[in-house]
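Observations on the model geometry
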Protein chains: 2
Amino acid sequence: MAEATRQVTVALGERQYTIDIGRGLLAQPARLQAAIKARQVVVISNEVVAPLYLAHLQAALKDRQFAAVTLRDGEQEKRLESMLPVFDEMLVNGFDRDCQVVALGGGVIGDLAGFVAATYQRGVDFIQIPTTLLAMVDSSVGGKTGVNHPRGKNMIGAFHQPRAVLADLDVLETLPDREFLAGMAEVIKYALLGDREFLDWLEANLEAVMARDPEALSFVVERACQNKAAIVAADERESGQRALLNLGHTFGHAIEAALGYGEWLHGEAIGAGLCMAAALSERAGWLSPDERQRAETLVERTGLPTRAPGGIGSARFREFMARDKKNRGGALRLVLLRGLGDAIVTADYPAAALEATLASTDHG
Amino acid sequence: MAEATRQVTVALGERQYTIDIGRGLLAQPARLQAAIKARQVVVISNEVVAPLYLAHLQAALKDRQFAAVTLRDGEQEKRLESMLPVFDEMLVNGFDRDCQVVALGGGVIGDLAGFVAATYQRGVDFIQIPTTLLAMVDSSVGGKTGVNHPRGKNMIGAFHQPRAVLADLDVLETLPDREFLAGMAEVIKYALLGDREFLDWLEANLEAVMARDPEALSFVVERACQNKAAIVAADERESGQRALLNLGHTFGHAIEAALGYGEWLHGEAIGAGLCMAAALSERAGWLSPDERQRAETLVERTGLPTRAPGGIGSARFREFMARDKKNRGGALRLVLLRGLGDAIVTADYPAAALEATLASTDHG
């Protein structure tokens, strides 16, 4: 715990906030007390994370009115109905608009807790304590909150920025490999979409990252958050540039929806989605075969899937992709690569390149 | 239909919008087409209003992708679950972020449709076509959207400003008396809380208003919207002054909740709530007996209740009032009158004055 804490500031004017990245943050009551200031605090967590870390929060905040709601683990909990017991707990305890909602968990908990905070009495404070690599590098930055609908992922939600984020790297030590890998998909995404220097670094240091070397991880989380923060600060409400963060996601979301949420982890679907976006970009003539291969090799070295599961079929892929929130006026917009580290959002790609990319998934 | 259309602008920077107030607006396809610009439009209405006016919208927007969801009538529909069929309809039809949600109905429809618009794909455009006096003078201004929770009214929601509001005064001709009256409670509220000149006007012109004289109604809607717009523009997110709009509402919400939502109309509860706020203000020594009587007489002349229903009891009143969103740090904040046309938000009133006001409701 000798390492310094790194800080990333998300510059959003009056909604500006700081992400603290370091080891042992959850074991420091003073730090928790400084980040969570409200008199009334509700912590939303899940049955896997709560037994490990909830007691830290409870002890640090023992002079507050403290409530906790523990949901089941998994993507299937990310729905409107799961919010009801939380609202109930808050109302039973007389929580007012000055309360704070704390997310203690991964992306599912963060998105749901954020949406609870966005909508309880039309909006209260929100603090994120992400406990997965995915949540640290993705959902903790940017203020996207929400839940799934049976007909589409993240279809119901709000933009609601956290007041503070505490990323305790120690929690990654106990993260299952599959969850860790899922976070790596987003890490690689940042490198591919806009940070070629980070791409070089990842290729050179992937073994240390995968071995969860603390100094390597600290850099990865900081760099990923910096990349996301810069994009979000330029386009908070996703009217333009922010859609770049969806690299690999139009394909990935379709994979998740077609398989049924929870079958593949989000990050696994994104791993395959990144490779599909690179393959389409190659077919469009924008990436050289070598560049496409370089992207795919990096994904492959982590152990993430590089191909969609067989059997979905072009028609169902298109059906799910048609629901993507980037679409405008009926056109299917995708995030593609003009080069490594250089993504664009466009509906202007050869139709045959998309068709061939979808057809190639029928390898099962 | 010869009268000019009045316009009230709600000055909210980039979220600024205009309220058109006039007769026959729904019968003018060009006006509907100008207000509702999207390629994909979903109209949310209820089984009472839809048969009367939905066809106007459908005809005017026949070149758009048009969907409609008709809910049952009444406050009991204002809950999270009622939003699900709307999201379903929008997703089945492939609605994207450029779609517009149109509320065609009263306050329940407006609040629910606004919350749908606030949360569908994290926020889409919203157009209000209020069909009750209450909705025209209250929920069409200010961007408060949301639904009830069994433990409290409007406990789940968001701030989401409409893009445009069309208040067609002709729809008020067929409005049932009880609904019309309910709107009058809010009209009187604006006069009492901050517009003494309007109070004088109402006292002088109440017969014409109650007879639904079009010119009188047009003035009433315009003046009420101007009053609300000025307060909302100064305090969009209700951090201060905007709470003044809650005059009569802390008592009113408690009445509604204690009786069960839908037993008394919202406006009826507010009528009694206004009189309770005036009575407490008199007990605190801020209103003279004559002033208190003047407020009560105006409410009484409309035919609205001036007293809470018997049998709720002080304890249950306090229980429901404790959940009010204005409360901070455990103190019960109320909107009270320092004079007619001069309201304040305060927790600094004699405890005995509140106790006596609650005790006086046990007249049943």
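What this report covers is the structure whose coordinates are included nearby.

Reading guide: rules and limits
Residues numbered from 1 in each chain as written. Chains lettered and ligands numbered in written order. Predicted model: local features only at pLDDT ≥ 70, side-chain atom pairs only at ≥ 80, totals over all residues. Heavy atoms only, no water. Helix = DSSP H or I, 4+ residues; strand = E, 2+ residues; numbered from the N terminus. Buried < 20%, exposed > 50% of the residue type's maximum accessible area, 1.4 Å probe, protein only. Contact = heavy atoms within 4.5 Å. Areas by Shrake-Rupley, 256 points an atom, 1.4 Å probe, with all protein chains shown as cover. Lys, Arg positive; Asp, Glu negative; His and termini not counted. Charge placed at Lys NZ, Arg CZ, Asp CG, Glu CD. Buried area = accessible area lost by both parts, 1.4 Å probe. Salt bridge = Lys/Arg side-chain N within 4 Å of Asp/Glu carboxyl O. Polar contact = N/O pair within 3.5 Å; in protein donor to acceptor, adjacent residues only side chain to side chain. Nonpolar A, V, L, I, M, F, W, Y, C, P; charged D, E, K, R; others polar. Phe/Tyr/Trp six-rings, centres within 6.5 Å; stacked < 30°, edge-to-face > 60°. Lys NZ or Arg CZ within 6 Å of the ring centre and 35° of its normal. Axes fitted to C-alpha atoms, helices over the stretch in contact; angles between N-to-C directions. Parallel < 35°, antiparallel > 145°, perpendicular 65-115°, else oblique. Left-handed = near helix turned anticlockwise from the far one by under 90°.

1. Considerations on the overall build of chain A
A tally of helices and strands in chain A yields 13 helices and 11 strands. Projected onto its principal axes, the C-alpha coordinates of chain A cover approximately 60 × 45 × 40 Å. Taken across its 364 residues, chain A has 62% of its residues classed as buried. A separation threshold of at least 6 residues defines the contact pool for chain A, and within that pool the share at least 24 residues apart is 74%. Carbon and sulfur atoms form 49% of the exposed surface of chain A, whose accessible area is close to 12,800 Å². The averaged location of the 47 negative side-chain charges in chain A is 5 Å from the averaged location of its 38 positive side-chain charges.

2. Focus: the interface of chain A and chain B
Where the parts come together, the accessible area they lose is often given as the size of the interface. Taken together, the contacts link 35 residues of chain A with 35 residues of chain B. On the chain A side of the interface with chain B, the three residues burying the most area are L91, R97 and R122 of chain A, jointly 24% of the side's total. Applying the counting rule to chain A against chain B returns two salt bridges. D88 of chain A is paired through a salt bridge with R151 of chain B; the nearest N and O atoms lie 3.0 Å apart. Linking chain A with chain B are 10 residue pairs in polar contact (both at pLDDT 80 or more), by the criterion used here. Of all the secondary structure elements, the ones that give two or more residues to the side of chain A that touches chain B are α3 (80–92), α4 (107–119), β7 (144–149) and β8 (152–159) of chain A. Examining the composition of the side of chain A that touches chain B, we find that seven residues originate from one element, α3 of chain A, more than from any other. Along the lines of polarity and charge, the residues of the side of chain A that touches chain B split into 12 nonpolar, nine polar and 14 charged.

3. Some words on the packing of aromatic side chains
Residues and elements named next belong to chain A. Considering all chains together, one arrives at eight aromatic pairs over all chains under this definition. Ring-pair connections join several aromatic residues into one group, and the members of that group are F198, W201 and F219. A cation sits over an aromatic face here: K189 above Y190, 4.8 Å from the ring centre.

4. Here's the deal with the packing of α3 of chain A against α4 of chain A
Residues and elements named next belong to chain A. Relative orientation of the contacting elements α3 and α4 amounts to 55°, with a least axis distance of 10 Å. One element, α3, and the other, α4, form an angle in the oblique class. Two packed elements cross with a definite hand, and for α3 against α4 that hand is right-handed. Residues L80, S82, M83, V86, F87 and M90 of α3 lie in contact with α4, whose contacting residues are L112, F115, V116 and T119. Partitioned by chemical class, the residues of the contact of α3 with α4 number eight nonpolar, two polar and no charged.

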